[in-house]
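Summary of the model geometry
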Amino acid sequence: MNLIIMGPPGSGKSTQAKLLAKKLSLIYVSTGNILRKLYEAGDPLGEEAEEYMGKGELVPSELMDEILLSWLDFQEEAPGFVFDGYPRNLENVRSLEKSILHQDPNQVIYIDVPEEVCIKRLLQRAKIENRTDDTPTVIRERLKEYHQETEPILDYYQQKNLLTRVDGCGSIEATHQNLLKNLTR
Ligand code: AMP
């Protein structure tokens with residue numbers, strides 16, 4: 001069982017992906033967290049990635065895919081995954097299809113939250129978590145990248161009949177319940 005959680009930055013997808021993974025006893029995978037951990041550990045690949053993350057840009061697919069696919073190689077025994085932040089462009093989609101998963105995800109859930117709400121939430125998070133990619137300029141860039149690179153994935157999965165849209169404007173718990181109600185497999 002593999003699920004992909006999608007949504008613009010600030011939609012709450014990480015929070016929801018974590019809750020869902022726990023509920024379904026699946027492994028939570030956040031590529032953003034993997035990159036931040038590599039950077040904090042002084043890993044050269046992490047340092048290369050941070051140059052893009054710090055500007056709100058996507059890490060080049062070749063680098064991202066290398067990091068994620070080698071991480072997945074160590075997870076052969078895993079019951080399944082809830083992906084947060086991956087895939088983020090169609091190149092990632094192709095790589096995932098060729099990875100150890102060898103199949104389409106069971107379902108792709110899009111957390112629907114209007115952009116103004118996302119921006120407010122990200123600015124709020126900036127105060128709490130001190131993330132270098134939560135400044136107003138970087139947030140704008142991340143949203144631009146999201147529209148250009150990530151949105152086309154929604155059409156791709158929609159055509160495959162794998163996409164479900166879920167309203168993410170309510171509380172964390174209300175959104176979690178919406179997700180559970182909308183699980184199809
Ligand atoms: P996140 O924690 O998901 O918001 O990701 C933070 C940052 O990590 C993004 O803005 C990107 O710079 C980078 N990143 C995470 N996942 C990917 C991905 N699949 N492809 C490229 N860059 C990524």
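Look above for the structure.
Residues numbered from 1 in each chain as written. Predicted model: local features only at pLDDT ≥ 70, side-chain atom pairs only at ≥ 80, totals over all residues. Heavy atoms only, no water.

**Section: helix α6 (residues 115–129)**
- Taking 1.5 Å of rise per residue, the 15 residues of α6 would be expected to cover 21 Å, and the 20 Å separating its terminal C-alpha atoms lies within 8% of that figure.
- A positive phi of about 60° marks Asn130, the residue just after α6. (Helix = DSSP H or I, 4+ residues; strand = E, 2+ residues; numbered from the N terminus. Expected span 1.5 Å × (residues − 1).)

**Things to note about the pattern of salt bridges**
- Applying the stated rule across the entire model yields 5 salt bridges.
- Two residues, Asp104 and Lys160, come together in a salt bridge whose shortest N-O distance is 2.9 Å. Here Asp104, found in the loop between α5 (90–98) and β4 (107–112), pairs with Lys160, found in the loop between α7 (136–159) and β5 (163–167); they are 56 residues apart in sequence, far enough to count as distant.
- Owing to a relative accessible area of 34%, Lys160 belongs among the partly exposed residues under this scheme.
- When salt bridges that share partners are traced, they join Arg125, Asp134 and Arg142 into one network. (Salt bridge = Lys/Arg side-chain N within 4 Å of Asp/Glu carboxyl O. Buried < 20%, exposed > 50% of the residue type's maximum accessible area, 1.4 Å probe, protein only.)

**Some remarks on the pairing of β4**
- Burial analysis of β4 places 5 of its 6 residues in the buried class, which makes it a mostly covered element.
- Sheet topology note: the strand β1 (residues 2–6)/β4 ladder contains 4 bridges and is parallel. The residue bridging Ile4 from the neighbouring strand is Val108, located in β4.
- Where β4 and β5 come together, 5 bridges link them in parallel fashion. Residue pairing across strands places Ile111 opposite Val166, the latter belonging to β5. (Pairing = 2+ DSSP bridges.)

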